[in-house]
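# Observations on chain architecture
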Amino acid sequence: MPKLQGFEFWSRTLGGARHVVAPMVDQSELAWRLLSRRHGAQLCYTPMLHAQVFVRDANYRKENLYCEVCPEDRPLIVQFCANDPEVFVQAALLAQDYCDAIDLNLGCPQMIAKRGHYGAFLQEEWDLLQRMILLAHEKLSVPVTCKIRVFPEIDKTVKYAQMLEKAGCQPQGRVGARPPVPDTFGAGVLPLPGRPAHERAGPVRSACCVDPWDMAAPGSNPPVATQGTGGQAPREPGPGFGLGSAATSRVEPCTTVFQLLTVHGRTKEQKGPLSGTASWEHIKAVRKAVAIPVFANGNIQSLRDVERCIQDTGVQGVMSAEGNLHNPALFEGRSPAVWELAEEYLDIVQHYRCPLSYVRAHLFKLWHHTLQVHQQLREELAKVKTLEGVAAVNQELKLRCQEDISRQEEGEKPSGGLPFFHWICQPYLRPGPREGSKENGGARSKRALEEEEGGTDVLSKNKQKKQLRNPHKTFDPSLKPKYAKCDQCGNPKGNRCVFNLCRGCCKKRAFREAADCPGHGLLFKTKLEKSLAWKGAQSRLQEPQPAGSGEPGSLPEVVGSALA
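Conventions adopted
- Residues numbered from 1 in each chain as written.
- Predicted model: local features only at pLDDT ≥ 70, side-chain atom pairs only at ≥ 80, totals over all residues.
- Heavy atoms only, no water.
- UniProt positions renumbered as here; feature names shortened; annotations may be inferred.
- Helix = DSSP H or I, 4+ residues; strand = E, 2+ residues; numbered from the N terminus.
- Buried < 20%, exposed > 50% of the residue type's maximum accessible area, 1.4 Å probe, protein only.
- Contact = heavy atoms within 4.5 Å.
- Areas by Shrake-Rupley, 256 points an atom, 1.4 Å probe, with all protein chains shown as cover.
- Salt bridge = Lys/Arg side-chain N within 4 Å of Asp/Glu carboxyl O.
- Pairing = 2+ DSSP bridges.
- Right-handed = clockwise from strand over helix to strand, strands pointing away.
- Phe/Tyr/Trp six-rings, centres within 6.5 Å; stacked < 30°, edge-to-face > 60°.
- Core = buried A, V, L, I, M, F, W, Y, C linked by side-chain atoms within 4.5 Å.
- Arc of directions from axis to C-beta.
- Polar contact = N/O pair within 3.5 Å; in protein donor to acceptor, adjacent residues only side chain to side chain.
- Axes fitted to C-alpha atoms, helices over the stretch in contact; angles between N-to-C directions.
- Left-handed = near helix turned anticlockwise from the far one by under 90°.
- Patch = residues over 30% accessible without salt bridge, like charges linked within 9 Å, V, L, I, M, F, W, Y side chains within 5 Å.
- Lys, Arg positive; Asp, Glu negative; His and termini not counted.
- Charge placed at Lys NZ, Arg CZ, Asp CG, Glu CD.
- Expected span 1.5 Å × (residues − 1).

As recorded by an unreviewed UniProt entry, the protein carries the name tRNA-dihydrouridine(16/17) synthase [NAD(P)(+)] and is attributed to Neomonachus schauinslandi. Here is the UniProt Cofactor (unreviewed entry) comment for the protein, exactly as written: "FMN". According to the UniProt record, the Sequence similarities (unreviewed entry) comment for the protein reads "Belongs to the Dus family. Dus1 subfamily."

## Some points on the overall build of the protein
Helix and strand counts for the protein come out as 23 helices and 15 strands. Relative to its full complement of 564 residues, the protein shows a buried share of 47%. Sequence separation of at least 24 residues holds for 67% of the intrachain contacts in the protein that already meet a minimum separation of 6. About 29200 Å² of surface is accessible on the protein, with carbon and sulfur atoms providing 52% of the total.

## Things to note about the pattern of salt bridges
This model, assessed by the stated rule, comprises 15 salt bridges. In this structure, the salt-bridge partner of glutamate 322 is lysine 365, at a minimum N-O distance of 3.2 Å. Taken together, the residues glutamate 322 in helix 12 (residues 322-326) and lysine 365 in helix 14 (residues 356-366) connect sequence positions 43 residues apart. Judged by its relative accessible area of 22%, glutamate 322 falls in the partly exposed class. The residue glutamate 396 makes a salt bridge to arginine 400 at a minimum N-O spacing of 3.0 Å. Here glutamate 396 pairs with arginine 400, and both are found in helix 17 (residues 387-406), just 4 residues apart, close to one helical turn. Residues joined by salt bridges that share partners form a network here, namely Arg33, Arg37 and Asp73.

## What about the pairing of strand 13 (residues 317-320)?
Side chains on a regular strand alternate between the two faces of the sheet. Residues of strand 13 alternate between two faces, with Gly317 and Met319 on one and Val318 and Ser320 on the opposite face, all of them buried. Taken together, the 3 bridges between strand 12 (residues 294-297) and strand 13 define a ladder with parallel strand orientation. Along strand 13, the bridge assignment pairs phenylalanine 295 with glycine 317. With helix 11 (residues 303-313) bridging strand 12 and its parallel neighbour strand 13, the resulting β-α-β unit is right-handed.

## Thoughts on the packing of aromatic side chains
Inspection of every chain in the model, using the stated rule, returns 10 aromatic pairs. Taken together, a centroid distance of 6.2 Å and an interplanar angle of 80° make the contact between phenylalanine 54 and tyrosine 66 edge-to-face. One end of the pair, phenylalanine 54, is in helix 3 (residues 51-56); the other, tyrosine 66, is in the loop between helix 4 (58-64) and strand 4 (76-81), and 12 residues separate them in sequence. Judged by centre distance (5.7 Å) and plane angle (75°), the rings of phenylalanine 511 and phenylalanine 524 are edge-to-face.

## Quick look at the nonpolar core
The biggest cluster of nonpolar side chains holds 110 residues, and the ones touching the most others in it are Phe80, Ile102 and Leu164. Residue contributions to this core peak at 8 residues, all from helix 13 (residues 338-351). Setting aside its immediate chain neighbours within four residues, phenylalanine 80 contacts Leu49, His50, Ala51, Phe54, Phe88, Ala91, Ala92, Ala95, Ile102, Asp103, Leu104 and Asn105. Core analysis: the next-biggest nonpolar cluster, separate from the first, contains 11 residues, Cys497, Phe499, Cys502 and Cys517 among them.

## What about helix 21 (residues 503-513)?
Of the positions making up helix 21, those classed as buried are Cys505, Cys506 and Ala510. Down the axis, helix 21 shows its buried residues gathered within 125° of arc, on one side only. Among the exposed residues of helix 21, those pointing more than 90 degrees away from its buried face are Lys508, Phe511 and Arg512. Once helix 21 ends, the next one or two residues include alanine 514, with phi positive near 50°.

## Some thoughts on the side chain of glutamine 426
Within the element layout of this structure, glutamine 426 appears in the loop between helix 17 and helix 18 (433-439). By relative accessible area, glutamine 426 is classed as buried at 2%. Here the side chain of glutamine 426 touches phenylalanine 421 through a polar contact of 2.9 Å, landing on its backbone oxygen. Engagement of the side chain of glutamine 426 in a polar contact is seen with the backbone oxygen of isoleucine 424, the distance being 3.0 Å. Not counting chain neighbours up to four residues away, the residues in contact with glutamine 426 comprise His326, His369, Leu418, Pro419, Phe420 and Phe421.

## Concerning the packing of helix 5 (residues 85-95) against helix 7 (residues 126-139)
The description of two helices packed together rests on the angle between their axes and the distance between the axes. Direction vectors running N to C along helix 5 and helix 7 enclose 35°, while the axes themselves pass 9 Å from each other. Classified by chirality, the crossing of helix 7 by helix 5 is right-handed. Residue-level inspection shows Pro85, Glu86, Phe88, Val89 and Leu93 of helix 5 in contact with helix 7, the latter providing Leu128, Arg131, Met132, Leu135, Ala136 and Lys139.

## Considering a positive patch on the surface
Residues Lys385, Lys461, Lys463, Lys465, Lys466, Arg469, Lys473, Lys480 and Lys482 make up a contiguous surface patch of positive charge. Among the residues examined, lysine 463 registers a relative accessible area of 32% and is labelled partly exposed.

## So, the pairing of strand 6 (residues 144-149)
Here strand 6 lies mainly inside the structure; 6 of its 6 residues are buried. Both faces of strand 6 are covered, namely the face carrying Val144, Cys146 and Ile148 and the face carrying Thr145, Lys147 and Arg149. Taken together, the 5 bridges between strand 5 (residues 101-106) and strand 6 define a ladder with parallel strand orientation. Within strand 6, the residue paired with aspartate 103 across the bridge is threonine 145.

## As for helix 17
In this model helix 17 runs 29 Å from its N-terminal to its C-terminal C-alpha over 20 residues, within 8% of the 28 Å that 1.5 Å per residue would give. Taken residue by residue, helix 17 has Leu387, Gly389, Val390, Val393, Asn394, Leu397, Lys398, Cys401 and Asp404 as its buried positions. Lining the buried residues of helix 17 we find helix 13, helix 14, helix 15 (368-371) and helix 16 (375-383).

## Looking at the side chain of threonine 313
Position of threonine 313 relative to the elements: it lies in helix 11. Judged by relative accessible area, which is 4%, threonine 313 ranks as buried. Within the local environment of threonine 313, its side chain forms a polar contact with the backbone oxygen of cysteine 309, the two atoms lying 2.6 Å apart. If sequence neighbours within four positions are ignored, threonine 313 has contacts with Trp280, Ile283, Lys284 and Arg287.

## Regarding unusual backbone geometry
The residue after arginine 74, namely proline 75, is reached through a cis peptide bond having omega 0°. As for its placement among the helices and strands, proline 75 is situated in the loop between helix 4 and strand 4. Look at histidine 117: it is not a glycine, yet its phi comes out positive at around 60°. Take histidine 117: it is sitting in the loop between helix 6 (111-116) and helix 7. We classify histidine 117 as partly exposed; its relative accessible area is 32%. For alanine 514, which is not a glycine, the phi torsion comes out positive at approximately 50°.

Right, dumping it as C-alpha cells:
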C-alpha cells in the first residue's frame, strides 16, 4: 500500500489532529501520553530517541518503544535525533512497525545536542538534511516528518522550510500553491481573514500538494463541504486562479516525500531563562510558503492560546510541551485540581511502568506552585526512592491543599500573581535571568541542603560510593593538595618533569626536540640513539668479507683441512 501524502496523511492517518503533545526527553513516555490522550490530546510524540543508541542497544529499544502493546496510544510519531543518513534510517526501520510516522529532530537547542552535533545545530547543513530525508523516504514504509526551530530572520526561516519541503515534496504540477485547509471542527471553512466566503472553498481533485483551487474554472463557486477524502475542502485562491480546464488536464499525482513540518517559533539560542516569547510571525510565514501541513509550537498555555494560534497563523495543529506538563487537561480547556490529575497519572503508571525519575519529574511540574508554598514536601518528594513513597507524598500534598482550602477566607485572591490558587493546574511562566534568582530565593538547592545538614558530613550518593571504594578519600576542598601548574596549558605539571610541564605538553616537546623526560617516562632521545646504533651494527654485518681472510672457520681453511 503506498504511503499517504501531505494533507491526506494528516487527515486520514493522524485523524486531522489539531491538539498535539510534543516530544519531551524523559517526559512524554507512554503513561503520560495516555493521560494526555484522556484529556483531549489527539496526537502524541515519543521522547526524542538517539538513533545511534537505538540501533545498537536492544535494551534501549525495549525501554523506550518495544514495551507493552497499547492500542490506545495511536496515532503516534517516533522522533529520532541523528546526523548520519544511514544510522537514521536503520533506527527508523526498527521503529516503523510501532508508529504512524518517523520524525527527525532539528529543534533540540541543548548543549548535549551541540556536543553530539544534532537537533537545532544541524540547521545550517542543508545538503545533509536533504540526504537524510530522501533516504528515509526511499527505505521506510511510514511517512517522514520534521520539527525545526526558526532563524532570527523570517526570510531565512522560510527558505529553510522550503528547502526541507523541496527535499520531500516534488509535485509535477505547480509548486508553491497554498494547500487545502480542512476544518476539523466541522464548520466547513477555517476562517481566513480578509477573504470572502466563496473564495475560501474549492473542489479537492487531488491528494497531492498541488493547489486544486488553482485548477478551478473562472468564476466557479463550488459548495462548501466538511473534511473527508474526495469531498470539498476550503481553499484560498492562488496565483493560478482562472486557468480553466486546460490547466486541469495537466494535473498529475505528485510524489510527496516530506509529509509534515512542525515549527517551534524560537531560535536555538532561546532556551532556559532566555526562552522569551515564540514568534508566531515566523510560523505564519512558513505556513504560507509551504504546501504541506504545519504544526505550531510555542506560547501555548491554554485552549484559548490554541485557538488563537490556529486563527493567527493558519496552521493545521498546535503542539504543547511546557503547558501540557503543568496541565495535561489543557486541550480540554479545563484547570482541575492538581491531585486529580496526579492521582490519575500514578494509577496509569501502576499499569505502564516507567523510571521513577520520570514520575518524580512529572509531579514536580504538576505541583510546582504548591511546592513553592510547602517546601518541606518538595524536599520529601526529591528524596523518595519508590513509587509508593511518591504516592505518599502526593497524598500529603493533597491533604495540605485541602487544609488550605478550609482556611480560605471568602473573597480571598490567589497570591504570587497566579491566575488561580496554587492547588489548581495552571500555566507556569518561565522567569527571565534576573527574575529566576528572585523566584528561587526561597527554594534551597541540593548543595544548600547538604551544607545546612552538616556540610561535608552529609555526602551525596555518588560521593558515598567513592568513599566506600577509598575510605581515605576526602571531599573537603581545604584538604585537597595544591598542584603547580603547567607552564603552557595550566593543568597540573609533573613534579619531576624536566620541562616543568604536564604529561601532554611534555610529550609533544620531548618528541619535537628528541629529548628524554625520566619523570614522565618519556625516552625519545634514548630510543633514537639505540635505533641509530642498531642500524649501524646491521650495516656493518651486511658488508662483504674479503677473500682469503685468515679468520678461523673461513671457507679456505675448512677446505684445506678436509683435503689433508
